[in-house]
Amino acid sequence: ALRSPTAAGEGAVDSIDAPVLCLKGSTDKVLFHVPDEEAWHSVDVDDPRGAPKRCGGQGDILAGCIGTFLGWSKLSTQSQPTSLPAAAVATAAASVVVRSAAERAFARNHRATGTVDILNEVGEAFHLEYDMLEGALSV
């Protein structure tokens, strides 16, 4: 029997302490498990932006953005204004930024969009999305 992507994702990370998983799709889903809780939690990143084409290496851009946001949250001296784990917030925020960058890259390059084109838009996407993300990440 086939399992849903959510069930498959949960099974893949059951042995990791407080894991966070990003299931990419038309709606990105951030799954996370809080230590000492049995239940899995999820946040849907229901952002219609992006590009109708995925490129090899786009997940690497997402991983780099997640690391950046998580690093910023760890360096922040302000308390986090949400009960969500910092890694879950960083993952959702990175998803928004990468979708924005992909949309901008596709608008410029159309079907010829490659990973480098998306990477070149990440800085502007960070800038455009920063006001929305600032409160969530306390950077």
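The structure under discussion appears in the preceding block.
Every value quoted in this text rests on a predicted model; they were computed, and no experiment measured them.

*Asks:* Tell me what's going on with the overall build of the protein chain, and back it up with residues and numbers.
*Replies:* For the protein chain, the helix and strand inventory stands at 4 helices and 3 strands. Secondary structure elements of the protein chain occur, N-terminal to C-terminal, as α-β-β-β-α-α-α. Here the protein chain holds 139 residues, and the buried ones make up 35% of them. Expressed as a percentage of contacts within the protein chain between residues at least 6 apart in sequence, the contacts between residues at least 24 apart total 62%.

*Asks:* Please set out the pattern of salt bridges residue by residue, giving values where relevant.
*Replies:* All told, the structure shown has 7 salt bridges when counted by the stated rule. When the shortest N-O distance is used, the salt bridge between Arg 108 and Glu 121 registers 2.7 Å. You can see Arg 108 sitting in helix α3 (residues 86–109) and its partner Glu 121 sitting in helix α4 (residues 115–137), a full 13 residues away along the chain. Judged by its relative accessible area of 56%, Arg 108 falls in the exposed class. A cluster of three or more residues bridged by salt bridges with shared partners is formed by Asp 28, Arg 54 and Arg 99.

*Asks:* Tell me about the nonpolar core, residues and numbers included.
*Replies:* One finds Cys 65, Phe 69, Val 97, Ile 118 and Val 122 to be the most contacted residues of the largest nonpolar core, which totals 19 residues. Where this core is concerned, the elements lending two or more residues are α2 (58–75), α3 and α4. For this core, the element with the most residues is α3, which contributes 8 residues. In contact with Val 122, other than residues within four places in its own chain, are Ile 61, Cys 65, Val 97 and Ala 101. Counting residues in each nonpolar core, the second largest holds 6 residues, with Phe 32, Val 45, Ala 92 and Val 96 among its members.

*Asks:* Run through α3, naming residues and quoting values.
*Replies:* Between its first and last C-alpha, α3 extends 34 Å over 24 residues, near the 34 Å set by a 1.5 Å rise per residue. Trailing α3 by a residue or two, His 110 shows a phi angle of about 55°, which is positive.

*Asks:* Give me the pairing of strand β2 (residues 28–33): which residues, what numbers.
*Replies:* In terms of burial, β2 is a largely internal element, 5 of the 6 residues being buried. Across 4 bridges, strand β1 (residues 20–23) lies against β2 in antiparallel orientation. Counterpart to Cys 22 in the pairing with β2 is Val 30. Following β2, the chain reverses through 6 residues before pairing antiparallel with strand β3 (residues 40–45); Asp 36 in that reversal takes a positive phi of roughly 70°.

Cut-off values and rules
- Residues numbered from 1 in each chain as written.
- Predicted model: local features only at pLDDT ≥ 70, side-chain atom pairs only at ≥ 80, totals over all residues.
- Heavy atoms only, no water.
- Helix = DSSP H or I, 4+ residues; strand = E, 2+ residues; numbered from the N terminus.
- Buried < 20%, exposed > 50% of the residue type's maximum accessible area, 1.4 Å probe, protein only.
- Contact = heavy atoms within 4.5 Å.
- Salt bridge = Lys/Arg side-chain N within 4 Å of Asp/Glu carboxyl O.
- Core = buried A, V, L, I, M, F, W, Y, C linked by side-chain atoms within 4.5 Å.
- Expected span 1.5 Å × (residues − 1).
- Pairing = 2+ DSSP bridges.

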